[in-house]
Amino acid sequence: MTTELLQQVRVIDPVSGTDQIADVLIADGYIQAIAPQIADISPDTVIRDCRGLVLGNGLVDLYSHSGEPGFEERETLVSFLQAASAGGFTRVSVLPDTLPAIDNPALVAQLQKQIKLDEGLDSSSPHLQVWGAITLDLAGKQLTEFADLATAGVVGFTDGKPWENLGLVRRVLEYLQPFGKPVAFCPCDRYLSANGMMREGAEAFRVGLPPVPASAETTAIAALLELVAAIRTPVHIMRVSTARSVELIATAKFQGLPVTASTTWMHLLLDTRDIKSYHTSLHLDPPLGNPSDVVALRGGVRGGVIDAIAIDHAAYTYEEKVQAFAESPPGAIGLELALPLLWQNLVETGEFTALELWQVLSNKPAACLQQELKAIKSGEKAELTLFDPQQTWKVNRENLHTLSNNTPWFGQEIKGRVLQTWC
């Protein structure tokens, strides 16, 4: 492997809480040295002028959707991991909603073996982590064999969709307690959300789409928190999208309940006012919030109530998305877009510091998965992302590794691009 000297790069290390300009020497997959200046190098060292660039811990995605197996026309595992690498991620976690669902050890082993043998991937590809399903075929009725899935190496357990039976949720919390694996729930009362497509409010009235009340999410969170208070099994709350949800989670944490939470990157950048375009890539589940929800979510992330930002990458074919807003499947791609757009809209505006943003995209999501990232220091393995916050590029087919185009930024020019990852 080559030895590289990154000269005068901005090193953002959320593990140690530092943000500094330094030289970083990387060789054979390890950080050999980090100092204000490094002059003692071998003749074959590749020297890179990195002034204006950012080097940080590799990004970690809590949950996203892979098309494969079952929907390879949307996304293959190779294209999924290539997109993740291009977006700066060194660890990505796949939800179990494939076809067949990831509800047995054989499929977990098959995916792991496939990644190792695939010629389209190299040593810099992100580490693929797999969520195991809570129920067979995600049907919500019969529980999977938790012990077998845990032994097979799943990162945690989730169905990645709302539950219908609180009695089953209680049993899940009781049964999973001994395994010490993360268990994640997506909160929504489907009876309250009914056929809604857009967050309830003035904009929904103007646009004319069926509304989803905030209570569809908050009543589900309140019920889940009651069960957590009784059973004390740690849980992760996925896809938080309302201001009231942030309040409920803040209260639960203040009371000492073992709860972590995440929102998605698009819920931090867009709101109901953007849906006037009827762009089907703005059809999300849960729906985009009102402006007040976005303010609360950003405050929740900065204040630590919301522990992490998830990408929730969901690729769909052109044919699936080119139809009426209400008829299109919910979801959008994001692995290659999240870091540039979050940096552009949150860091460059001064609302977040660079360190704050990097924390909720790297070491904090890792902590939600009961993992840790190492500080950027001499002797540690290089799990790093090199990012140019000023490079502009156009979001089009030539520049995307994902197979799908379902993003409201498709065809637009954005600023900020990942140059390299070390895994």
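Each chain has its residues counted from 1, running along the sequence as written. Thresholds applied to this predicted model are a pLDDT of at least 70 for local features of residues and 80 or more for the giving and counting of side-chain atom pairs; totals over whole chains, interfaces and linings are not thresholded and use all residues. Only hydrogens and water are removed before side-chain values are computed, so all heavy atoms of the structure are retained for them.

By the naming in an unreviewed UniProt entry, the protein goes by Dihydroorotase and is assigned to Anabaena catenula FACHB-362.

## Concerning the sheet that holds strand β15 (residues 308-310)
By definition, the strands of a sheet pair up through backbone hydrogen bonds, in either a parallel or an antiparallel sense. The test is simple: DSSP bridges decide pairing: two strands pair if at least two such bridges lie between them. Secondary structure elements are defined from DSSP: runs of H or I of at least 4 residues count as helices, runs of E of at least 2 residues count as strands, and each element is numbered from the N terminus. The contact definition used throughout considers only heavy atoms, calling two residues in contact when any of these lie within 4.5 Å. Fitting a line to C-alpha atoms yields each axis, with helices limited to the stretch in contact; the angle taken between N-to-C directions then spans 0 to 180 degrees.
Strand order in the open sheet formed by four strands is β10-β13-β14-β15, with parallel pairing between adjacent strands. In the strand order of this sheet, the two ends are held by β10 (184-185) and β15, each with one partner. The pairing of strand β14 (residues 259-264) with β15 spans three bridges and is classified as parallel. By the bridge assignment for β15, T264 is matched with A310. In this fold helix α7 (residues 215-231) packs onto β10, β13 (235-237) and β14, with an angle of close to 170 degrees to the strand it touches most, β13.

## Quick notes on the sheet that holds strand β7 (residues 89-94)
The four strands lie next to each other as β6-β7-β8-β9, forming an open sheet whose pairing is parallel. Two strands bound the open sheet, and with one partner strand each, they are β6 (59-64) and β9 (156-157). Note: β7 against strand β8 (residues 127-132), four bridges, orientation parallel. Bridged to S93 within β8 is Q129. Sitting on the sheet, helix α1 (residues 77-86) touches β6, β7 and β8, and the angle it makes with β7 is about 140 degrees.

## Details of the packing of helix α12 (residues 338-347) against helix α13 (residues 354-361)
Going by this rule: Each crossing is labelled by how the near helix is turned from the far one, with a counterclockwise turn of less than a right angle marking it left-handed and a clockwise turn marking it right-handed. Residue polarity is assigned by list, with Asp, Glu, Lys and Arg as charged and Ala, Val, Leu, Ile, Met, Phe, Trp, Tyr, Cys and Pro as nonpolar; anything else, Gly included, falls into the polar class.
Running from N to C, α12 and α13 point in directions that differ by 145 degrees, and their axes come no closer than 10 Å. Of the two possible hands of crossing, α12 and α13 adopt the one that is right-handed. Contact residues: α12 offers L339, L342, W343 and V347, while α13 offers A354, L357, W358 and L361. For the contact of α12 with α13, a count of residues per class yields eight nonpolar, no polar and no charged.

## Quick word on the UniProt feature "domain: Amidohydrolase-related" (unreviewed entry) in the protein
Applicable threshold: UniProt positions are given in the numbering used here, feature names are shortened, and annotations may be inferred rather than shown by experiment.
Cross-referencing UniProt, the feature "domain: Amidohydrolase-related" (unreviewed entry) maps to residues 290-423 in the present numbering. Between the C-alpha atoms that bound residues 290-423 there is a distance of 38 Å. The span itself is 31% helix and 18% strand.

## Looking at the packing of aromatic side chains
For any pair of aromatic rings, the description rests on two quantities: the centre-to-centre distance and the angle between the ring planes. To be explicit about the condition: Any two of the Phe, Tyr and Trp rings considered here, Trp counted by its six-membered ring, make a pair once their centres fall within 6.5 Å; the pair's planes then place it as stacked at under 30 degrees, edge-to-face at over 60, or tilted in between. Only protein chains enter the accessibility calculation, which uses a 1.4 Å probe; a residue is then buried when its area is under 20% of its type maximum, exposed when over 50%, and partly exposed in between.
Considering all chains together, one arrives at six aromatic pairs under this definition. Ring centres of F146 and F157 lie 5.2 Å apart, and the angle between their planes is 70 degrees; this geometry places the pair in the edge-to-face category. In this pair, F146 is assigned in helix α3 (residues 146-152) and F157 in strand β9, connecting sequence segments eleven residues apart. For the residue pair F146 and F157, the accessibility class agrees, reading buried in each case.

## Considering the nonpolar core
Just so we agree on the cut-off: Nonpolar cores were defined as sets of buried Ala, Val, Leu, Ile, Met, Phe, Trp, Tyr and Cys residues, with membership established by side-chain atoms within 4.5 Å.
In terms of nonpolar packing, the biggest core is built from 99 residues, with F185, W265 and L342 touching the most fellow members. Residue contacts for W265: discarding those within four places in its chain leaves I309, A310, I311, I333, G334, L337, A338, L341, L342 and W409.

## With respect to unusual backbone geometry
E68 connects to P69 through a cis peptide bond whose omega is 5 degrees. Within the fold, P69 resides in the loop between β6 and α1. The omega torsion across L99 and P100 is 5 degrees, close enough to zero to call that bond cis. One non-glycine residue, R232, lies in the positive phi region at around 70 degrees. Mapped onto the elements of the fold, R232 is located in the loop between α7 and β13. Judged by its relative accessible area of 41%, R232 is partly exposed.

## Concerning the pattern of salt bridges
The criterion, for reference: Salt bridge, as applied in this entry: a Lys or Arg side-chain nitrogen positioned within 4 Å of an Asp or Glu carboxyl oxygen.
Under the criterion given, the structure shown has 16 salt bridges. Between R190 and D285 there is a salt bridge; the shortest N-O distance is 2.8 Å. Highlighted residues: R190 in helix α5 (residues 190-193) and D285 in the loop between α9 (265-269) and α10 (291-303), separated in sequence by 95 residues. Classification of R190 by relative accessible area gives partly exposed; the value is 35%. Residues E356 and R302 are paired through a salt bridge, measuring 3.0 Å at the closest nitrogen-oxygen approach. Here the residue E356 occupies a position in helix α13, and R302 occupies one in helix α10, the gap between them amounting to 54 residues.

## With respect to α10
Just so we agree on the cut-off: Helix span, as expected, comes to 1.5 Å for every residue beyond the first. What the arc measures is the spread of directions leading from the helix axis to the C-beta atoms.
Here α10 spans 18 Å end to end across 13 residues, near enough to the 18 Å set by a 1.5 Å rise per residue. Every buried residue of α10 is accounted for by D293, V294, L297, R298, G300 and V301. Along the axis of α10, the buried residues cluster in a sector spanning 160 degrees; they form a single face. Across α10 from its buried face, at more than 90 degrees, point the exposed residues S292, V295 and G303.

## Notes on the pairing of β7
Burial within β7 is extensive, with six of its six residues counted as buried. Where β6 lies against β7, four bridges are found, and the strand directions are parallel. Across the sheet, V60 pairs through a bridge with R91, a residue of β7.

## Regarding the environment of L111
Of note, L111 is situated in helix α2 (residues 105-117). For the pair L111 and L77, spaced 34 residues apart in sequence, the C-alpha to C-alpha distance is 8.7 Å. Residue contacts for L111: discarding those within four places in its chain leaves P69, L77, I102 and V130.

## Describing the environment of A308
Among the structural elements, A308 can be located in strand β15. For A308, a relative accessible area of 0% gives the class buried. Separated by 51 residues in sequence, A308 and L257 place their C-alpha atoms 17 Å apart.

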